[in-house]
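Structural features, examined
The chain contents come next:
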Amino acid sequence: MTRFLLVLSLTLFTPWAIAQEVKTAEGFGEVTYHSDMSPKQAKVLAYERAKIDAIQSVFPGTIVAESHSVTLNSSAGNSSSSFNMTGLSEVKGEWMGDSKDPQYSDPAYDNTTDMWRITCKVKGKVREVKWATPDFKWKLMRNHVEDASEAESFFVDDQLFMTFQAPCDGFLAVYICDERGAAQCIVPNDQDPRGIYPVKGGQQYVFFSDNPKHNNGEVGLEKTQELVLWTNSRIEYDQVYVFFSPNKFRKATNGDRATITDGSGVERTLVGEVPYADFQKWQIKLMSKDTELQRSKRIISIQKKN
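Residues numbered from 1 in each chain as written. Predicted model: local features only at pLDDT ≥ 70, side-chain atom pairs only at ≥ 80, totals over all residues. Heavy atoms only, no water.

1. Examining the overall build of the protein
When helices and strands are counted, the protein shows two helices and 19 strands. Across the 306 residues in the protein, those meeting the buried criterion constitute 52%. With an accessible surface of roughly 14,300 Å², the protein has 47% of that area assigned to carbon and sulfur atoms. (Helix = DSSP H or I, 4+ residues; strand = E, 2+ residues; numbered from the N terminus. Buried < 20%, exposed > 50% of the residue type's maximum accessible area, 1.4 Å probe, protein only. Areas by Shrake-Rupley, 256 points an atom, 1.4 Å probe, with all protein chains shown as cover.)

Structure, rendered in structure tokens:
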């Protein structure tokens, strides 16, 4: 279970407003893997493949769009290209959110092939895509705000930074969704009473930094606070969602912040959570109403150092 902790004292995008068809879809994903891939990794890939299967069941074919890869780490912490996969942006639909919890099979071992197998079934809402994925730019960095520090693998107590740049004025929200499906809003600040984060087209934004040169200069907004990563698992895989639209929208309603003491006796302040079901409903409602809203997602890993 990953938590974002507050450090206290925490190619041209021009989508047209085209009517998009929304459908309910079901899909099935299966992953076969050797023992060097963990069941957690296999579940992540099976879920992604099941969503692709569901999308193609109602909107078959592909469009010319940005593709991306998801690189997961092995249990030993070594990167493996065998975990790469094509992003959902190449299919003719976009997964808006789950209508019900994904259903996973127990890992099954095949003595003949010396492989494990795990399956996932999904049901959710899909909207038709008629354009390429937007090219707003965003990066996640580990411990330093520089391109060389861009990362998708993190350790407990690593500091997170993010840069963002959009081609036009609009509004931004960023969430981290953990393995339980619960989400934490990290942009805007989870305690910002306005619940929105406006951005200017062409401006480079740096989030979660207390360096004065990274002041985004937004009047009336709660400053995004410094963040560090923490998990009570040995390793887990989470999804970072970036939502951007030229139209005003507000973040989902989250719970209160909480303070806990970890196993080392360190007191930690947790960002307020949005329960899984509420986050899924918020995404579906938002994407159903706003045809110009675009979403980008990346998978990151967080693991303990020892």
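2. What to know about the nonpolar core
Counting 29 residues, the largest nonpolar core has Met162, Phe164 and Phe207 as its most contacted members. At the level of secondary structure, the elements contributing two or more residues to this core comprise strand E7 (137–142), strand E9 (159–165), strand E10 (170–177), strand E11 (183–187), strand E13 (205–207), strand E14 (227–231), strand E15 (235–245) and strand E19 (294–303). Once residues lying within four places of it in the same chain are set aside, the contact partners of Phe164 are Phe136, Lys137, Trp138, Leu172, Val199, Gln203, Gln204, Tyr205, Phe207, Val242 and Phe244. Within the second largest apolar cluster, 20 residues are counted, among which are Tyr33, Ala54, Ile118 and Val122. (Core = buried A, V, L, I, M, F, W, Y, C linked by side-chain atoms within 4.5 Å. Contact = heavy atoms within 4.5 Å.)

3. Let's talk about the packing of aromatic side chains
This structure, assessed with the given rule, holds 16 aromatic pairs. For the pair Tyr205 and Phe207, a centre-to-centre distance of 6.1 Å together with 10° between the ring planes defines the contact as stacked. The exposure class of Tyr205 is buried, given its relative accessible area of 0%. Owing to a relative accessible area of 0%, Phe207 belongs among the buried residues under this scheme. For the pair Phe279 and Trp282, a centre-to-centre distance of 6.0 Å together with 20° between the ring planes defines the contact as stacked. Of this pair, Phe279 and Trp282 are both found in helix H2 (residues 276–289), three residues apart, which corresponds to roughly one turn of the helix. Residue Phe279 is classed as buried on the basis of its relative accessible area, which comes to 0%. Trp282 gets classed as buried once you look at its relative accessible area, which sits at 12%. Linked through ring pairs, Tyr175, Tyr241, Phe243, Phe279 and Trp282 together constitute an aromatic cluster. One Lys or Arg, Lys43, reaches over the ring of Tyr104 and ends 4.5 Å from the middle of that ring. The positively charged end of Arg298 is found above the aromatic ring belonging to Trp138, 3.8 Å away from the centroid. (Phe/Tyr/Trp six-rings, centres within 6.5 Å; stacked < 30°, edge-to-face > 60°. Lys NZ or Arg CZ within 6 Å of the ring centre and 35° of its normal.)

4. Regarding the layout of surface pockets
Reported here for the second largest pocket is a volume of approximately 450 Å³. Lining the second largest pocket we find 21 residues, and of these Tyr104, Asp178, Glu179, Gly181 and Gln239 sit closest to its centre. When residues in the lining of the second largest pocket are grouped by element, the largest group, five residues, is from helix H1 (residues 39–58). Residue composition of the lining of the second largest pocket, by class: nine nonpolar, three polar and nine charged. (1 Å grid on protein atoms, 1.4 Å probe; cavity = no way out; pocket = protein on both sides within 12 Å on 5 of 7 lines; lining within 4 Å. Points joined across faces, edges and corners; volume = space filled by probe spheres on them. Nonpolar A, V, L, I, M, F, W, Y, C, P; charged D, E, K, R; others polar.)

5. Thoughts on the environment of Phe161
Among the structural elements, Phe161 can be located in strand E9. Apart from residues lying up to four places away in sequence, Phe161 is in contact with Lys139, Leu140, Met141, Asn143, His144, Val145, Phe207, Phe208 and Ser209.

6. Re the pairing of E19
Burial runs high along E19: nine of the ten residues are buried. The pairing of strand E8 (residues 153–155) with E19 spans three bridges and is parallel. Across the sheet, residue Phe155 finds its bridge partner in E19, namely Gln303. Direction of pairing for E15 relative to E19: antiparallel, over a ladder of ten bridges. Bridging from a neighbouring strand, Glu236 pairs with Ile302 of E19. (Pairing = 2+ DSSP bridges.)

7. Description of the pairing of E9
Where burial is concerned, most of E9 is hidden: six out of the seven residues are buried. Examined bridge by bridge, E7 and E9 share six bridges and lie antiparallel to one another. Residue pairing in the sheet places Lys137 in a bridge with Gln165 of E9. Pairing geometry for E9 and E14, over two bridges, is antiparallel. Bridged to Leu160 within E14 is Leu227.

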